[in-house]
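Each chain is listed here by its residues.
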Amino acid sequence: MSTRTFREDVIKVKAGSSAPGQAQGPEPRVVELPPALTVKQLGEALGASPIEIIKQLMRNGVMAAINQVIDFDSAAIVAVDMGFEARRKAGTEKATGLLQQLLTETGDASQLEPRPPVVTIMGHVDHGKTTLLDTIRHSNLASREVGGITQHIGAYQIEYKSRPITFLDTPGHEAFTAMRARGAQITDIAILVVAADDGVMPQTREAADHARAANLPILVAINKIDKPGADAERVKRELAQIGLAPEGWGGNTVMVPISAKQGSGIDDLLETLLLMADMKELKANPSRPAIGAVIEARVDKSRGPTATVLVQHGTLKVGDNIVVGDTWGRVKALITDLGRRVREGLPGTPVEVLGLAQVPKAGDLLVAVPDEKTAKQIVDERLRQANLEKAVRRPLSLESILSDSKGAETKELLLIIKCDVQGSIEAIQASVQKVSSEKVRVRVLRSGTGSITESDVLLAIASKAVIIGFNSRPEPGAQRLAAQEGVEIRFYDIIYNLVADIEKALAGLLEPLVKEMLEGHAEVKAVFSGTKHIKVAGCLVKDGKLAQGATLVVLRSNKQVFKGVLSSLRRFKDDVHEVPAGTECGVILQGFNDFQVGDTLESFRIEAPDQASR
């Protein structure tokens, strides 16, 4: 049973009629409540003080401050406790309901027609992704790119043996995953390009992780086989080590040797691509209202906001009223990747759309709606709902993921593991696999050495995974993104504790995580000898602040070497409570004397679970 269903049952029980034989009480007063509201607003609606509302919430296990937003279910339970009958405000979801109907209706099965496959080209930088697409398109795309590296997300359609194929050329698999995180499941097949003279590289592994997380079939193009030192067999061995075993070796990954520059093997690659597409039986209904996904968007100086959209279902036509993410518009023009103006875009076709009020985000969904009024209503409701969801959003944590999977025959916990050394990865993977059972499966989505990156956080968002840092810390950008999106990063330095926490989470016994709230970074510029053999780090605060009593992590080459308490903070000869960004200071770290010039100090404030909820 889901949490929502359970809470709805509680509301019904509390609002239910008296038992047989008992006198009926007075009819409850009816109060209409929005999908979410603050504690103060709930008090005003019920004619009670905020203090009384907070007490009622606490009795039901909800900790909230006066200006904190709570959802309708929590508010309804309080209303029932206080003698009210809570009803959701009518009319707030009318336009959204119409949108949901447009998204789910498929029409008559006889109207389904074959559509082109949508293919994403992925791989390590400089392994020939753009050159491959250039060769396939018979155009000079690479010469327009800086250094031959793709600088934006593009969508292009070609014809091979009278059959159209749509290609997405991304600047990196992060963009692909960012689109997936926003709900745009747009790709059918992934081509993983690997250079025969270079082999499997870090971005190759990451690209494979992202494709597998999206459950995409992977077609490997072993490129640059014409170069001296090319060794396709070595590439196959390395790919097999990351879980992509070739068909000839008993695996299920098709690998085609090619030379994008010479043009050899391209026909074999496209033939294999079409065969894989035929096996998927890709179809869409061109007769229904259009649904599509934004591939890229920008502001054109002469044409205003524009978006490259991949039409997925229906037919997008000039004059259609459309909703795209949090904006709307009326289609003024449709332009193909070759610059031609067309009157309509069929399923599987990329087109540039003109006529939007604002610039949408990559991955936003496009839906054609009946009229302009409906489009505006849907956008207004979406903006309001997005603000409410942001306010009451549950963090992506071990507990929430397993709670959300209640009712499923088999729960699945996805992990992203980053360690300081390769040996730790193997030990951790072996340990967590032993925790899996018939009812609960633990799967490592990605593992690697080094710091936790934004790419890791994006993959966690898209796949609902938890990030484990074993003697590994997040990069500043990754830390900010995780905090913004509510992604849990758990840090460990003992494998036993890591496995024990996972076992407790699976058993529903895991205690709430003590949060580390990032406060700032400082760089060690010099090291001085103090009294009693104590070393003082002369630091420059790069961002945020350093404060007395804060928890400091010492990073050396992005690896954690120590974690302790900031015991002394000085400006010149004076002890100070805190030091802001751009200021130099002296730092003494309790229990640590091995500072080196160039070390980075990360400052954290430890926040207990009960503090976080206040």
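Residues numbered from 1 in each chain as written. Predicted model: local features only at pLDDT ≥ 70, side-chain atom pairs only at ≥ 80, totals over all residues. Heavy atoms only, no water.

**Q** So what's going on with the overall build of the chain? Residues and values would help.
**A** The helix and strand tally for the chain stands at 17 helices and 33 strands. Put simply, the chain has 614 residues, and 48% of those count as buried. Intrachain contacts of the chain at a sequence separation of at least 6 include 70% that bridge at least 24 residues. (Helix = DSSP H or I, 4+ residues; strand = E, 2+ residues; numbered from the N terminus. Buried < 20%, exposed > 50% of the residue type's maximum accessible area, 1.4 Å probe, protein only. Contact = heavy atoms within 4.5 Å.)

**Q** Explain the packing of aromatic side chains to me, and be specific about the residues and the numbers.
**A** Per the counting criterion, the structure on display carries 2 aromatic pairs. Centre to centre, the rings of F562 and F592 are 4.8 Å apart; their planes meet at 20°, and the pair counts as stacked. Here F562, found in strand β29 (residues 559-571), pairs with F592, found in the loop between β32 (584-589) and β33 (600-607); they are 30 residues apart in sequence, far enough to count as distant. Classification of F562 by relative accessible area gives partly exposed; the value is 21%. The buried category is assigned to F592, whose relative accessible area is 8%. Each member of the aromatic cluster is reached from another via a ring pair, and the members are F562, F592 and F595. (Phe/Tyr/Trp six-rings, centres within 6.5 Å; stacked < 30°, edge-to-face > 60°.)

**Q** An account of the packing of helix α8 (residues 202-213) against helix α14 (residues 454-463) is requested, with residue identities and associated values reported.
**A** Here α8 crosses α14 at 10°, and the two axes come no closer than 11 Å. One way to sum up the angle between α8 and α14 is to call them roughly parallel. Contacts from E206, H210 and A213 of α8 reach α14 at S455, L459 and S463. (Axes fitted to C-alpha atoms, helices over the stretch in contact; angles between N-to-C directions. Parallel < 35°, antiparallel > 145°, perpendicular 65-115°, else oblique.)

**Q** Give me the lowdown on unusual backbone geometry, citing residues and values where you can.
**A** In this model, K161 sits at a positive phi of 55°, which is unusual for a non-glycine residue. Within the fold, K161 resides in the loop between β7 (154-160) and β8 (163-169). For K161, a relative accessible area of 55% translates into the label exposed. One non-glycine residue, N471, adopts positive backbone phi at about 55°. Relative to the helices and strands, N471 resides in the loop between β24 (466-470) and α15 (476-485).

**Q** Which residues make up the pattern of salt bridges, and what are the values?
**A** Tallied over the full model, the rule gives 27 salt bridges. A salt bridge links D456 to R446; the shortest N-O distance between them is 2.4 Å. Of this pair, D456 sits in helix α14 while R446 sits in strand β23 (residues 440-449); the two residues are 10 residues apart in sequence, bridging distant segments of the chain. Across the pair, exposure class does not vary: D456 and R446 are buried alike. Residue E488 pairs with R490 through a salt bridge whose shortest N-O separation is 2.8 Å. (Salt bridge = Lys/Arg side-chain N within 4 Å of Asp/Glu carboxyl O.)

**Q** Summarise the pairing of β24; cite the residues concerned and give the values.
**A** Along a regular strand, successive side chains alternate from one face of the sheet to the other. Most of β24 sits inside the fold, with 5 of its 5 residues counted as buried. On β24, burial covers both faces: V466, I468 and F470 on one face and I467 and G469 on the other are all buried. Inspection of the sheet shows β24 paired to strand β25 (residues 489-492) by 4 bridges, in the parallel sense. Counted as the bridge partner of F470 is Y492 from β25. Viewed along the sheet, the connection from β24 through α15 into β25 turns out right-handed. (Pairing = 2+ DSSP bridges. Right-handed = clockwise from strand over helix to strand, strands pointing away.)

**Q** Which residues make up helix α10 (residues 266-280), and what values do they have?
**A** For α10, with 15 residues, the first-to-last C-alpha span of 21 Å sits near the 21 Å given by 1.5 Å per residue. Those residues of α10 lying buried are I266, L269, L270, T272, L273, L274, M276 and A277. With its phi angle positive at about 50°, E281 sits one or two positions after the end of α10. (Expected span 1.5 Å × (residues − 1).)

**Q** Which residues make up helix α2 (residues 39-46), and what values go with them?
**A** Of all the positions in α2, only V39, L42, G43 and L46 are classed as buried. In an axial view of α2, the angular spread of the buried residues amounts to 100°, which keeps them on one side of the axis. Taken together, the buried residues of α2 touch β1 (29-33), β2 (36-38), α3 (50-59), β3 (69-71), α4 (72-81) and β4 (84-88). (Arc of directions from axis to C-beta.)

**Q** Can you break down the packing of α14 against α15 residue by residue, with the values?
**A** Where α14 meets α15, the axes come as close as 8 Å, and the angle between the chain directions of the two elements is 20°. Considered as vectors, α14 and α15 are oriented roughly parallel to each other. Residues E454, V457, L458 and I461 of α14 touch α15, and the partners they reach there are G477, A478, L481, A482 and E485. When its residues are assigned to classes, the contact of α14 with α15 shows 6 nonpolar, 1 polar and 2 charged. (Nonpolar A, V, L, I, M, F, W, Y, C, P; charged D, E, K, R; others polar.)

**Q** How would you sum up the confidence of the model for the chain? Please name residues and give values.
**A** Mean pLDDT for the chain: 80, with 79% of residues reaching 70 or above. Looking over the chain, one finds the lowest element-wise mean pLDDT in helix α17 (residues 609-612), namely 46, and the highest in strand β15 (residues 316-317), namely 95. When the criterion is pLDDT under 50, residues 1-6 qualifies, and its contacts beyond four places in sequence or with other chains add up to 7 contacts. Note on residues 610-614: pLDDT under 50 across the span, and 7 contacts to partners over four residues away in sequence or across chains. (pLDDT = per-residue confidence, 0-100.)

**Q** Describe the environment of E578, and please don't skip the residues or the numbers.
**A** As for its position among the elements, E578 is in strand β31 (residues 578-580). If sequence neighbours within four positions are ignored, E578 has contacts with K545, L546, A547 and L569. Only 3.3 Å separates the side chain of E578 from the side chain of K545, close enough to count as a polar contact. (Polar contact = N/O pair within 3.5 Å; in protein donor to acceptor, adjacent residues only side chain to side chain.)

**Q** Lay out the nonpolar core in plain terms, naming residues and giving numbers.
**A** One recurring pattern in soluble globular proteins is that nonpolar side chains are buried together. Residues L132, I165, F167, I191 and L273 are the most contacted members of the largest nonpolar core, which totals 27 residues. Contributions of two or more residues to this core are made by β6 (118-123), α6 (129-137), β7, β8, β9 (189-195), β10 (218-223), β11 (254-257) and α10. With 7 residues, α10 is the largest single contributor of residues to this core. In this view, L132 contacts I191, V193, I258, A260, I266 and L269; residues no more than four positions away in its chain are not counted. (Core = buried A, V, L, I, M, F, W, Y, C linked by side-chain atoms within 4.5 Å.)

**Q** Now, about the environment of V30: what can you tell me, with residues and values included?
**A** Here V30 is to be found in strand β1. Accessibility expressed as a relative area gives 43% for V30, which makes it partly exposed. Residues V30 and G83 lie 53 residues apart in sequence; the distance between their C-alpha atoms is 9.0 Å.

**Q** An account of the side chain of D300 is needed here, citing residue identities and associated values.
**A** Here D300 lies in strand β13 (residues 291-300). Owing to a relative accessible area of 15%, D300 belongs among the buried residues under this scheme. Only 3.4 Å separates the side chain of D300 from the side chain of R298, close enough to count as a polar contact.

**Q** Break down the pairing of β9 for me, citing the residues and quoting the values.
**A** By the criterion of burial, β9 is predominantly enclosed, with 7 of the 7 residues buried. Covered by surrounding structure in β9 are I189, I191, V193 and A195 together with A190, L192 and V194, the residues of both alternating faces. Where β6 and β9 come together, 5 bridges link them in parallel fashion. Bridge pairing in β9 links M122 to L192. Regarding the hand of the β-α-β motif, the stretch spanning β9, α8 and β10 is right-handed.

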